[in-house]
Structures are given as structure tokens and as C-alpha cells.
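What follows is the residue order along each chain.
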Amino acid sequence: MTSTADPPPSFDLSGSGVSQSEYPAAYPDLNPLDYYRILVADRVSKTLEVDRNLVFSSVDRTTTPETGDLSLPVPRLRLKGIPLSELAEKVAAIFEESQDLRAEASGVAVRFWIGADQLFSRLIPLVIRQGDVFGGNPNLGLRDASNRELGSKTVIVEFSSPNIAKKFHAGHLRSTIIGGFLSNLLESFGYNVIRMNYLGDWGRQYGLLACGWKRYGNEEAFAKDPISHLFDIYVRISADFQPEEDAFKAATKRGEDTSQLESQGLLGDAKAYFKRMEEGDEEALQLWRRFRQLSIERYKATYARLNIHFTDYSGESQVKQETMERAEKILQDHGITELDAGAVIIDFKKHNAKKLDVAIIRNRNGTSNYLLRDIGAALQRDATYHFDQMYYIVMSEQEAHLARLFKTLELMDKQSGLSKKMKHVSFGKVMGMSTRKGTVKFLDDIISDVGDFMHGVMRRNEAKYNQVEDPDKTAEILGISAIMIQDMAGKRINNYEFSYERMTSFEGDTGPYLQYAHARLCSIFRKVDFTKEELLDADYSSLTTSPHAIKLLRSIARFPDMTTQALRTLEPTTIVTYLFKLTHDLSSSYDHLKVFNPPEGRAVALARAALYEAAHRVLRNGMVLLGLTPLERM
């Protein structure tokens, strides 16, 4: 048994004859699989005289642990004059006497299985010691990993971005969930993350809302629930406005002059009011400030329920007039914009972007368009944050708008490369998302309704329900977990059906099932009284003969690789799918790896508890990364 004063061997390379500095992309102290990639690369490169980093980068994680831990497709070695299957056999032969790895040729690839004996003694202490940070890699967010004084790269994640006074629709929900996950993920890799909520808080609709306030506004109702009251006003004034909007669209379709329609009625009033706002009219702005500030306060409380927070509550209103005017001048000087019936437009067909067609950037009455405001916003963010990357977490329906934005920025200044720092992280639709009482208005409606539904599910088991300390809070957390996991279970771009029954089930791959798996692990540690020092000091040799323990250990070892893959693909499903596989391995091990008074004795119980603690830490870290609140009891 190893003493706590002399920690078990970790994944460092001292004594192996290999220098980590020779592998700049490897972090064996943070990612166990990198340690074994280095061993493969070192031995193969020396035997076959191949570049070591070429070998290292060619060693993949296998799709499933059943087919090995690592795989080396030998065509990537670029060796000529030898049949690939023969080359695979030759590579496998290099490891015939290795205690660290077992190799097996399979067609034109070599599969590697990590030796369980050393993996137990190295991996379990590593996970327990690293705790909350296991799975991340703060080096990847550095400007230069060899010079920490240069600091971290700055990434802006723009997400959620609801429109004040309009319903918080499915697109905003998905943006909120995905953006929260990506922000957590980037921070775990050492990036300086600016979480930006770019509110839809400007434009002609606020002129219309101001008209609605004059007709239907009620101070008492506004003070009680500002968002709901503004929404109700907007619905009523929009109904009043509908005949005018229909007439305007019909005239536009017929190619008629709409200037008279735009200057009268509610449309004329709304445009005039918004023009006053853009010109800095204090009376117009005072009402808008009230709407915006109280709405933000309400949103903050709602986001807190989802473990979501923002660095900056920005918005279209925060784009300065001088910034937009400067952008317009650059566009004009470069011959990118032109006048069309009083409006300023960009005809992308003239700039090698036929699919982007024509876009207005300033309306004929002189007010700004949302494309111009987005151009200004990008310039201001660059000046304020000097960001290295910016992600727009926006539904796929906005693809054309963002393509126009990126193309416009490219045309404005090809030297700065600003547009190359921007990426649209798109996602599909949610089908059928509504409360049981009707159509969704706000995020609160969704959370409360699913929480109520979850409460009903919990009540079906009265005995367990009576043991829950705070059933209302637990039901809400379970409901939020159900919503979030249903959203992140598939690839971002896929549409999915919003289903209460499916997402709130404790059976199958759902949010409540993940919570159940976490709570079950926590219950084990309430029944045994092992300290962290005892877990680190355990003799793990009893686990090396258990297929269930080995299977669970190999799943745990993959976690840092999975988070790195998620960073590359920006896909939450990478982590969700991994966690479900981990919980399945856990579930199948409980009957074979008992911790509470096992017949094999305390030393075996201690080793098993250490394995479960490592699994618990990975499951918890993964859940937190996804934005969930792990429950200890339920």
C-alpha cells in the first residue's frame, strides 16, 4: 500500500526516457490518454524512423472501449514500400513485451488496450486530487502555452438574446442552453470568456410598443410583472397594427411607392417615435430605459434558475451612432453601399456573393437597420475586448443574416481579419414547445410547467417523495435538467420534438436519469465513512481482476478526451452521450462492486469506493459543464 506522503505514480514521463517537451500538443498530467499516445509515438517513431509528432497526432481514441482504448491507422504514417496490413502487424509487434499497452493489428489499424494494473494506481488518485478541474485543460486557452505572462485568449459568446416585450421563444431557449454550455466549456480550457446577452432592445418595434403603452399601459401591472405586461401591450398593439402591416406588405409586393403608408397611422407613429429615440430625444428614451432596465432585472432572476449568468447585458441600443456612421463611411469609401429609393443598401451580387442578394443597412427615413447595428456592435466589441474569437449562438434561420454580416466586415477591412474571428454556431428548431395550458410566452412558463410536471412524476413514488427535503426545489432542478438534456442530447443542427413524457422519465437517457445516477453515487458515500486520504491511500490491486471495474475505469479515462472533442466540435451532445455511457457502466457495476460491508473486507471496499469517487467526480464535472445542478438526494 502506498503512503499518502509518497503519492502513487501519476502520468508524468520522468524515468521513461521521453521528454514531454518533444510533444507540445500533449498534456499527460491532465489527459491520461495523452500519456499513452506519447508511449506509442515514442516507440513507433524510433523503430520505424517516423516523425514522433506525426505518430502522436495519428493516435485516435477508439469509438468504443470494447474495441480498445487507442487506435493508430497506419496509412497516416505515410510509409511507402510496405503493404499496410504488414505495416500494422509490424507496429503491433513493437509492443509485444510492453506492460503498459497491449497491441493488436486489425486490418490497416493497430488497436491498443491500456494495462489495467498501472491505470488504476495512476488514474484514480489523479481524478480525486484534481477534483472539480479534472477534464479541463487551462493551457489550451493561453495565447502561448510556453509563456503564461501573455495571458489567455478572449472569446465572446453571444447567446440567448431575447427581444424585450416579445415572447421568449424556442430559439432563445436553445441559444441559452447551448451558449451556457459553450461558455462553461471554454472557461474550463482557460479562455477568458465574455458572456454576452445581445438584447433585442431597439428598432421600430419599440416605437410601436411606445404607441401601445399610450393606449394600454398600466403602471400597477407594469410594476408587478414588467415583461408580461409589455408582452400583453405588444400583442394588443400588434393586433391594431395588423391591417396597416398587411397593406404595407401588399403594396411592397406590387412594387408600389410605400412612402405615404410609412408616414401615417401606427406605422408612421412608430417610425417617428423610433426616429426620436435615435436622435436622442430624452422623453422618448426615458420610457425605453424603464422598459429595458426592469426587463433585465426580471431576466436575471430567470437565468439564475438555469445557472446562467452574463458578463454583459448588451443590445442593439448600445451601438453608438458614431460607430455606425464610421462604418457607413468606410462602406461608402470602399464603394460597397449605394442608394436605392432613399435607403442605403449593399448589393452583395456585385461583391462575389450572389446568394446573399441585397440588404438594407439604413432605412429611407434615416433610421438604422439591424444589419448596420450588428456591424457597429462587432466594431465596438473588437475595440472594447480585443477578442480572439466570437461565437454567435443563433438559430439556423439567421444564417443568411450572419453571412451578410461576416461578408460586410470582410469587405470593410480585409487586412484586420475581423470576420475570420467570427463563427455562427447554429442550431435547429424545437417542435411543439408549449405549456399544457397554451402557447409559451416566456422562459419562466417553460421552467414552471416542466417543474410542475416533474413534481407529479415524483409523487408517483410516495415513499421516496416523503424523504425529499425540499420537493419543490428538487422538482424544479429535475425539470430544468429534463429540458436541458433533451435539448443537448442530439446534434445542435437537428430539430427535435418537445416531449414532457419522454424528457421527464427516470428511465432511458434523460436529465432525471443523470440526476438519479449522481444521487445514487452520493448515497453510497453517506453509508461509508472514508476520508479523501484513505481513498488516495487505497490498494487498488483487487480491482484489476474485475471486468466491471476495468470497464468503468476505462470510461473514466476518456473524459478529458471527450471535453477536448467537444471544444473542437462545439457539440454538447459529445458530453451528454459520454455521461450516459458512464452511468450505464456504473449501473451495471453496483451488483458486482459492493462498498457497504462487502464479504471481501474493508480494503476491497475502500478500493471500490475510490473507483466510485473517481466516477462521481467525472459525472459531477460533466453535469456542471452542461449547466446542470447535481442533486445529492432525490
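Structure shown above.
Residues numbered from 1 in each chain as written. Predicted model: local features only at pLDDT ≥ 70, side-chain atom pairs only at ≥ 80, totals over all residues. Heavy atoms only, no water.

Asker: Break down the overall build of the protein chain for me, with residues and values.
Answerer: Looking only at helices and strands, one finds 24 helices and 16 strands in the protein chain. Each of the 634 residues in the protein chain was classed as buried or not, and the buried ones make up 55%. If you take every contact in the protein chain between residues at least 6 apart in sequence, the share linking residues at least 24 apart comes to 70%. Within the structure as shown, the protein chain displays about 28600 Å² of accessible surface, and the carbon and sulfur contribution to it stands at 48%. (Helix = DSSP H or I, 4+ residues; strand = E, 2+ residues; numbered from the N terminus. Buried < 20%, exposed > 50% of the residue type's maximum accessible area, 1.4 Å probe, protein only. Contact = heavy atoms within 4.5 Å. Areas by Shrake-Rupley, 256 points an atom, 1.4 Å probe, with all protein chains shown as cover.)

Asker: Any details on the sheet that holds strand 5 (residues 154-158)? Residues and values, ideally.
Answerer: Here 5 strands make up an open sheet; going across it, the order is 7-6-5-11-12 and the pairing parallel. Looking at strand neighbours, the two that pair on one side only are strand 7 (312-315) and strand 12 (422-425), the edges of this open sheet. Each neighbouring strand pair of the sheet contributes to a mean axis angle of 25°, computed without reference to strand direction. With 4 bridges joining them, strand 11 (residues 389-393) and strand 12 adopt parallel strand pairing. (Pairing = 2+ DSSP bridges. Axes fitted to C-alpha atoms, helices over the stretch in contact; angles between N-to-C directions.)

Asker: Mind laying out empty space enclosed by the protein, listing which residues take part and the relevant values?
Answerer: With the rule as written, the count across this model stands at 3 cavities of 30 Å³ or more. Taken as a whole, the largest cavity spans an internal volume of roughly 60 Å³. Residue lining of the largest cavity: F168, I227, S228, R298, Y299, T302, F442, L443 and D444, and that is the complete set. Taken together, the elements giving at least two residues each to the lining of the largest cavity come down to helix 8 (226-253), helix 11 (282-305) and helix 15 (443-459). Top element by residues in the lining of the largest cavity is helix 11. It accounts for 3 residues. Its residues assigned to classes, the lining of the largest cavity shows 5 nonpolar, 2 polar and 2 charged. (1 Å grid on protein atoms, 1.4 Å probe; cavity = no way out; pocket = protein on both sides within 12 Å on 5 of 7 lines; lining within 4 Å. Points joined across faces, edges and corners; volume = space filled by probe spheres on them. Nonpolar A, V, L, I, M, F, W, Y, C, P; charged D, E, K, R; others polar.)

Asker: Please set out the nonpolar core residue by residue, giving values where relevant.
Answerer: One broad trend across soluble globular proteins is that nonpolar side chains are buried collectively. Ranked by size, the top nonpolar core spans 169 residues in total, and within it L77, V91, I556 and L611 carry the most contacts. Beyond its immediate chain neighbours, meaning those up to four positions away, L77 contacts V44, L48, V50, L54, V55, L72, L87 and V91. Among the nonpolar cores identified, the runner-up in size contains 34 residues, and Y198, A359, L379 and Y392 belong to it. (Core = buried A, V, L, I, M, F, W, Y, C linked by side-chain atoms within 4.5 Å.)

Asker: Before we move on, can you summarise the environment of R276 with the specific residues and values?
Answerer: As for its position among the elements, R276 is in helix 10 (residues 265-278). Remark: the alpha-carbon pair of R276 and T367, spanning 91 residues in sequence, is separated by 9.6 Å. Not counting residues within four places of it along the chain, the set of residues in contact with R276 comprises D281, E283 and A284.

Asker: I'd like a rundown of the packing of helix 1 (residues 32-48) against helix 4 (residues 116-130), residues and numbers included.
Answerer: Axis separation between helix 1 and helix 4 bottoms out at 11 Å; the angle between their running directions is 140°. Overall, the two elements helix 1 and helix 4 adopt an arrangement that is oblique. Here P32, Y35 and Y36 of helix 1 come into contact with helix 4, specifically with L119, R122, L123 and L126. Class assignment of the residues belonging to the contact of helix 1 with helix 4 gives a composition of 6 nonpolar, no polar and 1 charged. (Parallel < 35°, antiparallel > 145°, perpendicular 65-115°, else oblique.)

Asker: So what's going on with the pattern of salt bridges? Residues and values would help.
Answerer: Overall, the coordinates contain 43 salt bridges when judged by the stated rule. Across the pair R617 and D132 runs a salt bridge, and its minimum N-O distance is 2.5 Å. One end of the pair, R617, is in helix 24 (residues 602-626); the other, D132, is in the loop between helix 4 and strand 5, with 485 residues separating them in the sequence. With relative accessibility at 13%, the residue R617 sits in the buried group. (Salt bridge = Lys/Arg side-chain N within 4 Å of Asp/Glu carboxyl O.)

Asker: Describe the pairing of strand 11, listing the residues and the values that go with them.
Answerer: Buried residues dominate strand 11, accounting for 4 of its 5 residues. Across 4 bridges, the pairing between strand 5 and strand 11 is parallel. In the strand pairing of strand 11, V155 is matched with Q389.

Asker: Go over the sheet that holds strand 2 (residues 70-73), please, and point to the residues and values.
Answerer: Backbone-to-backbone hydrogen bonds pair the strands of a sheet. The strands run either parallel or antiparallel. If you walk across this open sheet you meet the 4 strands as 1-2-4-3, and the pairing is antiparallel. Each having just a single partner strand, strand 1 (60-61) and strand 3 (101-106) make up the two edges of the open sheet. Relative to strand 4 (residues 109-114), strand 2 runs antiparallel, the two being bridged by 4 bridges. Considered in strand 4, the bridge of L70 is made with F112.

Asker: With reference to specific residues and values, describe the packing of aromatic side chains.
Answerer: Given two aromatic rings, one states the distance between the centres and the angle between the planes to describe the pair. Evaluation of the coordinates by the stated rule reveals 17 aromatic pairs. Arranged with centres 5.3 Å apart and planes meeting at 80°, the rings of W202 and W288 form a pair that is edge-to-face. Highlighted residues: W202 in the loop between strand 6 (192-199) and helix 6 (204-216) and W288 in helix 11, separated in sequence by 86 residues. Between Y392 and F406, the ring centres sit 5.8 Å apart and the planes meet at 50°, which makes this aromatic pair tilted. Of this pair, Y392 sits in strand 11 while F406 is found in helix 14 (residues 399-412), placing the two residues 14 residues apart along the sequence. Judged by relative accessible area, Y392 falls into the buried class, the value being 4%. For F406, a relative accessible area of 16% corresponds to the buried category. Among the aromatic side chains, those forming a connected cluster through ring pairs are F159, Y299, Y303, F310 and Y313. Of note, R102 hangs over the ring of W113, and the distance from its end group to the ring centre comes to 4.2 Å. Against the face of Y273 rests R276, its NZ or CZ located 5.0 Å from the ring centre. (Phe/Tyr/Trp six-rings, centres within 6.5 Å; stacked < 30°, edge-to-face > 60°. Lys NZ or Arg CZ within 6 Å of the ring centre and 35° of its normal.)

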